[in-house]
Amino acid sequence: MSKENRKKMKEKRLKIDSIRIIILNIVILLSIVSCKKTNKKEDEFSISPNESFIEKFGNTNLTNSLKSRIHKGDTIAYGNLKEIYYLSGYKKEFFFYSYYMAKNFKYIDAYEDCFSNLKHTKNDNSDAVLNKSTEYFLLKAYEKNPKSLEHLVTEFYGEKENIPKSDSILVIK
């Protein structure tokens, strides 16, 4: 294969990857927007808000500083903001930052957080696109760190030989 053909193939793959990312962005945003609000008492994954974290959540100087550091790929800021959001009762709202860190910096914890958030967002299995997005983030996190999610992935797919690659989940035709 000539260098020119390889270059064309690489450009084609990059275009396809870009299209996948755009579609995934749209699907996730639509899924989150269309989700029903649940009663916090009924939401088994809710954590009752801690007063000190609610104060931190309301501290716009602190949260804006952490957000701007996240936009630069700061994983420590990511962890701090995640703690504030989760312990203030805003886990679902943190999804944007998880998605941003996963997409832009390939951060493993962010892939896991995206998976966890989507998994606990959906109410049933009728939303095929949301299910595929959830599955994609699970596999992406697994590919980055197989040991941490091996039990969950093998529970979902059975034998290791049956585990697909994340790129095969979001196929654009």
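Residues numbered from 1 in each chain as written. Predicted model: local features only at pLDDT ≥ 70, side-chain atom pairs only at ≥ 80, totals over all residues. Heavy atoms only, no water.

Tracing the backbone through its elements, the reader meets Asp113 in helix 6 (residues 108-121). Separated by 2.8 Å, the side chains of Asp113 and Lys82 make a polar contact. Setting aside residues no more than four positions away along its own chain, Asp113 makes contact with Tyr78, Lys82, Tyr86, Phe94 and Ser98. (Helix = DSSP H or I, 4+ residues; strand = E, 2+ residues; numbered from the N terminus. Polar contact = N/O pair within 3.5 Å; in protein donor to acceptor, adjacent residues only side chain to side chain. Contact = heavy atoms within 4.5 Å.)

What follows concerns the nonpolar core. Core analysis: the largest hydrophobic core is formed by 33 residues, its most contacted members being Ile70, Tyr78, Leu81, Phe94, Phe137 and Val153. Of all the secondary structure elements, the ones that give two or more residues to this core are helix 3 (60-70), helix 4 (75-87), helix 5 (95-105), helix 6, helix 7 (128-144) and helix 8 (146-157). (Core = buried A, V, L, I, M, F, W, Y, C linked by side-chain atoms within 4.5 Å. Buried < 20%, exposed > 50% of the residue type's maximum accessible area, 1.4 Å probe, protein only.)

The predicted coordinates should not be examined in detail at positions where pLDDT is low. Summing up the model confidence of the protein chain, the mean pLDDT is 76 and the portion of residues at 70 or higher is 73%. By mean pLDDT, the top-scoring element of the protein chain is helix 5 (90), and the lowest-scoring one is helix 2 (residues 51-58) (66). This stretch, residues 39-45, has a pLDDT under 50; its non-local contacts, to residues over four places away or in other chains, come to seven contacts. (pLDDT = per-residue confidence, 0-100.)

Packing of helix 7 against helix 8 leaves a shortest axis separation of 8 Å and a crossing angle of 140°. In terms of axis orientation, helix 7 runs oblique to helix 8. The handedness of the crossing between helix 7 and helix 8 is left-handed. Residues Glu135, Leu138, Leu139, Ala141, Tyr142, Glu143 and Lys144 of helix 7 form the contact with helix 8, whose own contacting residues are Pro146, Leu149, Glu150, Leu152, Val153, Phe156 and Tyr157. Residues belonging to the contact of helix 7 with helix 8 are distributed by class as follows: 10 nonpolar, no polar and four charged. (Axes fitted to C-alpha atoms, helices over the stretch in contact; angles between N-to-C directions. Parallel < 35°, antiparallel > 145°, perpendicular 65-115°, else oblique. Left-handed = near helix turned anticlockwise from the far one by under 90°. Nonpolar A, V, L, I, M, F, W, Y, C, P; charged D, E, K, R; others polar.)

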